[in-house]
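Survey of secondary and tertiary structure
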Amino acid sequence: MYNASDLRKGLKILIDKQPYIIIDFEFSKPGKGQALYRCKLKNMINGVIVDKTYRSIDTFEPADVEERKMQFLYRQEDEYHFMDMDTYEEVTLNETQVGDAKNFLKDNLEVDILFFEGKAIGITLPNFVDLRVTKADPWVKGDSVTSDSKPVTLETGYVLKVPSFIEEGEKITVDTRTGEYVTRVKE
Amino acid sequence: MQKSDDPLSLRSYLLRYLREYLYNSGYIEVETPYLIPAPIPEAHIDSFEVEDRYLHTSPEAYMKLLLSKGYERIFQICKVFRKGEKGRFHMPEFTMIEWYRAGSDYMDLMDECERLLIHIFKRLVDQPYISYRGKKIGLNMPWERISLETLFNRYSELSLWDALKKGIFEKIMITDIEPHLGWRSPVFVYDYPVELGSCAMRSRRDPRIVERFELYMGSIELANGYTECNDPKELKDRFLEEIKKRQAYKKPIYPMPEYLLCSLKAKDRYSGIAMGIDRLIMLIADKRDIEDVIGFNTWE
């Protein structure tokens, strides 16, 4: 059980049986009155952000959540399979739980899987992932004058804009938070 | 240009100019015990217990004892300790200046506070304003004075009294009122309900009110002062009220500060004010967080 004085950025608590993480926190105590704890909280399952104000008498249940490093194995229809490389335990996430991360999931990629009360519920990718370009229009010298970027398709099926000198078969680094091209990978 | 962009050097200059002003105004600097047998009962201020003593949450009690012994103008700059208060404007250990003046009331103290701060700002900043969070807080005197009741009528749908009854005084203060306070010039908010000023003297105009004020600059609560209530009987009743509230909130109960009550004389007239030094430095140095103006944060 947490007290209001335990509230701080990063703390994970239960609200209506759902896990929330405190993403912003402000302590106020106006004019000899009682302390108020203003929190911005993010629902760890659906990402919805809410504002709440608590008082010093409020108490909170800790959310039983943990992150574990796992490897992406394969996708079967809308099920994504991951494995803990130490225990060989396998878990699956559905398409909704994986969300936009599916654009960057390649075989053997190491990711953080979020568990809530023992069940896998979400995924956090590394900020940068290297992916191979599987389809790209060839680069014609002099082209860069008219267009300095072009769309390409990655091994995951994800389409993004890259500088026009990137060729099919090359590897590029993508920022998984923005979905944007970062750099060409020298092999 | 400020004296220094380094908050610790700024603190040193600030303390020097505070002392300069008060020494020149006939004040003497005093020291009182940090470890005391009983703090002043306050519903929402918690003390650290150390063996059978408490770390003072303000030097108030023993400074009043000095006044009752006949000292007329005293000030103290010291660390004070408040359990559980940690935020952008709060540290469990922080620096306070507190001063008392015999024969004065809260209005006199507002005047003096204004002159003292002008004295400091003149030495520390070159312009006639303080730049804080991208805004310019003008310093031209006189600074605005407005009653708490007027503020509620201006910014809130509820009156001050209804907000208190509904238990949402604090919420309205922080969301609807404080954001407006002290941006054009510093502002004194005065006349607080008696339940929010247990050591302050009851107003001669309205018995629901005590002669208490707060100074705000850039939405920051910078100082708190009042005409002191020196009637031991009335004070004891108010302390019992505070203790009752602590019981209701299931907070630790501290002993009654009898050492203070037994030496007060009801006819004595004086007023006192406490100001947060760290917050004052935040304003002058334009810092967002109190931890940016202290040497070490041991509460991470």
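Residues numbered from 1 in each chain as written. Chains lettered and ligands numbered in written order. Predicted model: local features only at pLDDT ≥ 70, side-chain atom pairs only at ≥ 80, totals over all residues.

Some points on the overall build of chain B
We apply this condition: Put simply, DSSP marks the helices as runs of H or I at least four residues long and the strands as runs of E at least two long, and each gets a number from the N terminus on. In this setup the radius of gyration rests on C-alpha atoms only. A globule is expected at 2.2 Å times the number of residues raised to 0.38. Here the C-beta atoms are placed from the backbone, and a residue counts as buried if at least 20 other C-beta atoms lie within 10 Å of its own, exposed if 12 or fewer do, and partly exposed otherwise. By the convention adopted here, residues make contact when the C-beta atoms placed from their backbones lie within 7 Å.
Scanning chain B for helices and strands turns up 9 helices and 13 strands. In terms of overall size, chain B behaves like a compact globule, its C-alpha atoms giving a radius of gyration of 19 Å where 300 residues would be expected to give roughly 19 Å. Principal-axis analysis of the C-alpha atoms places the extent of chain B at approximately 50 × 45 × 40 Å. Looking at chain B as a whole, 41% of its 300 residues are labelled buried. For chain B, the proportion of contacts with a sequence separation of at least 24, taken over those separated by at least 6, is 68%.

Regarding the interface of chain B and chain A
Listed by partner, the interface residues are 19 residues for chain B and 14 residues for chain A. No other element matches helix α6 (residues 169-177) of chain B, which puts 5 residues into the side of chain B that touches chain A.

With respect to the pairing of strand β13 (residues 149-154) of chain A
Residues and elements named next belong to chain A. Cut-off, in case you're wondering: When DSSP locates at least two bridges between a pair of strands, those strands are taken to pair.
Where strand β12 (residues 128-136) and β13 come together, 3 bridges link them in antiparallel fashion. The partner of Lys-135 across the bridge, within β13, is Thr-153. Where β13 lies against strand β14 (residues 159-163), 5 bridges are found, and the strand directions are antiparallel. Paired with Thr-153 across the strands is Val-159, a residue of β14. Counting the residues between successive antiparallel strands, the hairpin from β13 to β14 contains 4 residues, one of them, Gly-157, with a positive phi of roughly 95°.

Quick word on the sheet that holds strand β1 (residues 28-29) of chain B
Residues and elements named next belong to chain B. Worth spelling out the cut-off: Interaxial angle, 0 to 180 degrees, is taken between N-to-C directions of lines fitted to C-alpha atoms, where a helix line uses only the stretch in contact.
Pairing within the open sheet is mixed, and its 8 strands lie in the order β1-β5-β6-β13-β12-β11-β10-β9. Every interior strand has two partners, whereas the edge strands, β1 and β9 (144-147), have only one. Sheet topology places β1 next to strand β5 (residues 73-81); 2 bridges connect them, and they run parallel. Bridge pairing in β5 links Glu-29 to Phe-75. Together, β6 (93-102), β11 (209-217), β12 (220-227) and β13 (270-276) form the strand contacts of helix α9 (residues 277-285), whose direction differs from that of β13 by roughly 55°.

Points about the sheet that holds strand β10 (residues 110-116) of chain A
All names here are of chain A. Spatial strand order, β9-β8-β7-β10-β11: 5 strands in an open sheet with antiparallel pairing. Every other strand in the sheet has two partners, leaving β9 (90-94) and β11 (119-124) as the edge strands with one partner each. Along the sheet, successive strands turn relative to each other by an average axial angle of 45°, direction set aside.

Here we look at the domain arrangement of chain A
All names here are of chain A. Inclusion rule: Boundaries between domains were set according to an automatic or database domain assignment. Each residue gets one of three labels, nonpolar for Ala, Val, Leu, Ile, Met, Phe, Trp, Tyr, Cys and Pro, charged for Asp, Glu, Lys and Arg, and polar for the others, Gly among them.
When its domains are assigned, chain A resolves into domain 1 (2-60), domain 2 (65-124) and domain 3 (128-185). Taken over C-alpha atoms, the centre of domain 1 sits 29 Å from the centre of domain 2. Every contact between the two is made by 4 residues of domain 1 and, on the other side, 5 residues of domain 2. Split by residue class, the side of domain 1 that touches domain 2 holds 3 nonpolar, no polar and 1 charged.

What about the confidence of the model for chain B?
Going by this rule: Every residue carries a pLDDT, the predictor's confidence in it, which falls somewhere between 0 and 100.
In this model, chain B carries a mean pLDDT of 95, and residues with pLDDT of at least 70 account for 99%. Both confidence scores are given for the complex: pTM 0.82, ipTM 0.81.

Description of helix α1 (residues 7-24) of chain B
All names here are of chain B. The condition is simple: To estimate how far a helix should reach, multiply one less than its number of residues by 1.5 Å. Each direction from the helix axis to a C-beta atom contributes to the arc, which is the arc of those directions.
The end-to-end C-alpha distance of α1, which contains 18 residues, comes to 25 Å, matching closely the 26 Å that a straight helix rising 1.5 Å per residue would cover. The complete set of buried residues in α1 reads Leu-10, Arg-11, Leu-14, Leu-18 and Leu-22. One side of α1 holds all its buried residues, which, seen down the axis, span an arc of 100°. What points out from α1, more than 90 degrees from its buried face, is the exposed set Arg-16, Tyr-23 and Asn-24. Contact partners of the buried residues in α1: β5, β6, α3 (106-124) and α9. Following α1 by one or two positions, Gly-26 adopts a phi angle in the positive range, close to 85°.

Remarks on the packing of α1 of chain B against α3 of chain B
Residues and elements named next belong to chain B. Stated formally: Roughly parallel means an angle under 35 degrees; roughly antiparallel, over 145; roughly perpendicular, 65 to 115; everything else is oblique. Helix crossings fall into two classes, left-handed where the near helix is turned counterclockwise from the far one by less than a right angle and right-handed where it is turned clockwise.
Their axes nearest at 10 Å, the elements α1 and α3 cross at an angle of 135°. Comparing their axes, α3 and α1 come out oblique. Considering the relative orientation of α1 and α3, their crossing is right-handed. In this structure, α1 uses Tyr-13, Leu-14, Tyr-17, Leu-18 and Tyr-21 to contact α3, whose residues at the interface are Leu-116, His-119, Ile-120, Arg-123 and Leu-124.

Here we look at the environment of Gly-295 of chain B
Residue and element names in this part refer to chain B. Mapping Gly-295 onto the fold places it in the segment after α9. A residue is classified by how many C-beta atoms lie within 10 Å of it, and Gly-295, with 7 of them, is exposed. As for Gly-295 and Pro-7, which are separated by 288 residues in sequence, their C-alpha atoms are 8.5 Å apart.

What to know about the pairing of β10 of chain A
Residue and element names in this part refer to chain A. Here 7 bridges tie strand β7 (residues 65-76) to β10, and the two strands are oriented antiparallel to one another. Paired with Met-70 across the bridge in β10 is Val-111. Where β10 lies against β11, 5 bridges are found, and the strand directions are antiparallel. Paired with Phe-115 across the two strands is Ala-120, which belongs to β11. Connecting the antiparallel pair β10 and β11 is a turn made up of 2 residues, with Glu-117 showing a positive phi of about 50°.

Concerning the environment of Arg-88 of chain B
Checked against the element boundaries, Arg-88 of chain B lands in the loop between β5 and β6. The partly exposed category is assigned to Arg-88 of chain B, around which 16 C-beta atoms lie within 10 Å. Beyond its immediate stretch of four places on either side in the chain, Arg-88 of chain B contacts Glu-26 of chain A together with Arg-288, Asp-289 and Ile-290 of chain B.

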